[in-house]
Each structure stands twice: as C-alpha cells, then as structure tokens.
Amino acid sequence: KGMDLHCLAAALINDLTYEDFLKEKAENRKWYDKNRFAGKGSNFSLSYGSSAQTYRAYVKQISGVVLSLKEAELHRKMYFAKFPSMLKWHQTYRDKAEKYGYVRTLFGQKRRLPDIKSNTPSIKSKAERVAVNAPIQGTGGQIALFLIVIANMIIKKKATFFNTVHDSLIYDV
C-alpha cells in the first residue's frame, strides 16, 4: 500500500492512525523523528521477542534516541495489543528451543541453542530471542540463496554474481 512500515509501527505504539502520525512530521518534527525510530526499533526488536529494556537499548543504539523505561514498556504493551498472535509465536519457539535444544527454518535447517538451558538469565534470554529470530532470518537467508541460483540461470552471462548483503544480491554487470 506504499506505507512506511516504521511509521505504521510508530502509529500503532502511540495509538494513532497512520495518517495522524504522518501529520506530526510537519507539526512536531522532533517528536515524529523520535517515534519513527521507536517504530523501527519495534519492528526489529519487539517483533523478535525483546523485553522493554532491550528494546529501549536497541532504539538508543540505532538512533541515539533515549526512551524512558516507562515509554518502552508502553510501546511494548501497545505493539503486542495490536499483534497478540506474535506473543504466541514467541512462546512457541521458546518452548521448541527449550524442548529440543534447537529451532528450525521453514526448510528444516537447525539452529542449535545450547544456551537455552543456561542458568544465567541474560544468556538464556539471548538464546530465547535467537529462537524467535532464527526461523525467520534463517528462512530469509535460505530464500536469498535460492534466488541467487534462479537469477544466475536467468541472467546467464550478462552479469556475474558477486556477493550478498542482508537481503540484497550484488552482481557485476
């Protein structure tokens, strides 16, 4: 629909419509920028199971924006009020990691998580976030590899595959 995903998330965590959030860009640019970064942080942090504290640290790391713990907790609450099934997804994959010691991508590749049994809360928590993240990111990486093969078959000698960066394929043309 041509929407900015980070603005959409920012609108959701602030209980605004997308349109009302965008109006803030002209009316209160500082607030808009802070909350768009918070929206970006929610998409790359909360969606993968981060706590309010970890989300707060992530937003600061990616943008320099400092959220209070109260703001971070409110954002987390609002985010999952809009996407309650994500919490079920998170729990399902934490449970799988706990039970089996690994999670799988859509194509069956295992991500082993020995730290899921750790007695140190920060280590266990990181393994739990990886358990939620790995099936999504790992599947995305595998799809990118499949696309390299398909692209090479289509492009043939017009370009040479060079590298990948996240979800981008780089060719020498």
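Residues numbered from 1 in each chain as written. Predicted model: local features only at pLDDT ≥ 70, side-chain atom pairs only at ≥ 80, totals over all residues. Heavy atoms only, no water.

Asker: For this particular structure, what's the right way to read the nonpolar core?
Answerer: Considering soluble globular proteins, one finds that nonpolar side chains tend to be buried as a cluster. In this structure, Ile 13, Tyr 55, Leu 67 and Tyr 79 are the most contacted members of the largest nonpolar core, which totals 13 residues. The greatest single-element share of this core, amounting to four residues, is contributed by helix α5 (residues 69-82). Beyond its immediate sequence surroundings of up to four residues, Tyr 79 is in contact with Ile 13, Ser 42, Asn 43, Leu 46, Ser 47 and Met 86. Among the nonpolar cores identified, the runner-up in size contains nine residues, and Ala 97, Leu 113, Ala 131 and Ala 134 belong to it. (Core = buried A, V, L, I, M, F, W, Y, C linked by side-chain atoms within 4.5 Å. Buried < 20%, exposed > 50% of the residue type's maximum accessible area, 1.4 Å probe, protein only. Helix = DSSP H or I, 4+ residues; strand = E, 2+ residues; numbered from the N terminus. Contact = heavy atoms within 4.5 Å.)

Asker: What am I meant to see in the environment of Tyr 79 here?
Answerer: With respect to the secondary-structure elements, Tyr 79 resides in helix α5. Residue classification places Tyr 79 among the buried positions, given a relative accessible area of 4%. Along the primary structure Tyr 79 and Tyr 55 are separated by 24 residues, whereas in three dimensions their C-alpha atoms are 12 Å apart.

Asker: Could you clarify how one ought to interpret α5 in this entry?
Answerer: Quick reminder: α-helices carry 3.6 residues per turn. Residues three or four places apart thus point the same way. Relative to the 20 Å expected for 14 residues at 1.5 Å per residue, α5 spans 20 Å between its end C-alpha atoms, a close match to the ideal helical length. Buried-residue contacts for α5 involve α1 (5-13), α3 (29-44), α4 (52-63) and α6 (84-100). (Expected span 1.5 Å × (residues − 1).)

Asker: Explain α4 to me, please; I cannot follow it from the model alone.
Answerer: The end-to-end C-alpha distance of α4, which contains 12 residues, comes to 16 Å, matching closely the 16 Å that a straight helix rising 1.5 Å per residue would cover. Of the positions making up α4, those classed as buried are Ala 52, Tyr 55 and Val 59. Taken around the axis of α4, the buried residues stretch over an arc of 55°, which confines them to a single face. Where α4 ends, the next residue or the one after it, Gly 64, has phi of about 80°, a positive value. (Arc of directions from axis to C-beta.)

Asker: Help me out: how do you make sense of the side chain of Ser 118 in this one?
Answerer: Within the element layout of this structure, Ser 118 appears in the loop between β2 (110-112) and α7 (121-155). Setting aside chain neighbours within four positions, we find Ser 118 in contact with Ile 123 and Lys 124.

Asker: What exactly am I supposed to notice about the packing of helix α2 (residues 18-27) against α3 here?
Answerer: A packed helix pair is summarised by two numbers, namely the angle formed by the two axes and the spacing between the axes. For the pair α2 and α3, the least separation of the axes is 6 Å and the interaxial angle reads 135°. Viewed along their axes, α2 and α3 adopt a mutual orientation that is oblique. Residues Phe 21, Leu 22, Glu 24, Lys 25 and Glu 27 of α2 touch α3, and the partners they reach there are Arg 29, Trp 31, Tyr 32, Asn 35 and Arg 36. Broken down by class, the residue content of the contact of α2 with α3 amounts to four nonpolar, one polar and five charged. (Axes fitted to C-alpha atoms, helices over the stretch in contact; angles between N-to-C directions. Parallel < 35°, antiparallel > 145°, perpendicular 65-115°, else oblique. Nonpolar A, V, L, I, M, F, W, Y, C, P; charged D, E, K, R; others polar.)

Asker: What is the right way to look at the pattern of salt bridges in this model?
Answerer: Side-chain pairs of opposite charge can arise where the charged atoms are in close proximity. For the structure shown, the criterion picks out seven salt bridges. Note that Asp 20 and Lys 23 form a salt bridge whose closest N and O atoms lie 3.5 Å from each other. Residue Asp 20 and its partner Lys 23 are located together in helix α2, separated by three residues, close to a single helical turn. Owing to a relative accessible area of 33%, Asp 20 belongs among the partly exposed residues under this scheme. Using a relative accessible area of 48% as the deciding quantity, one classes Lys 23 as partly exposed. A salt bridge links Arg 29 to Asp 33; its shortest N-O distance comes to 2.9 Å. (Salt bridge = Lys/Arg side-chain N within 4 Å of Asp/Glu carboxyl O.)

Asker: When you look at a nonpolar patch on the surface in this model, what are you seeing that I'm missing?
Answerer: A contiguous nonpolar patch, built from Leu 106, Phe 107, Ile 143, Leu 145, Phe 146, Leu 147, Ile 150, Ile 154 and Leu 169 and spanning about 870 Å² of accessible area, is present on the exposed surface. Top contributing element to the nonpolar patch by residue count: α7, with six residues. With respect to the helices, strands and loops of the structure, Ile 150 is situated in helix α7. (Patch = residues over 30% accessible without salt bridge, like charges linked within 9 Å, V, L, I, M, F, W, Y side chains within 5 Å. Areas by Shrake-Rupley, 256 points an atom, 1.4 Å probe, with all protein chains shown as cover.)

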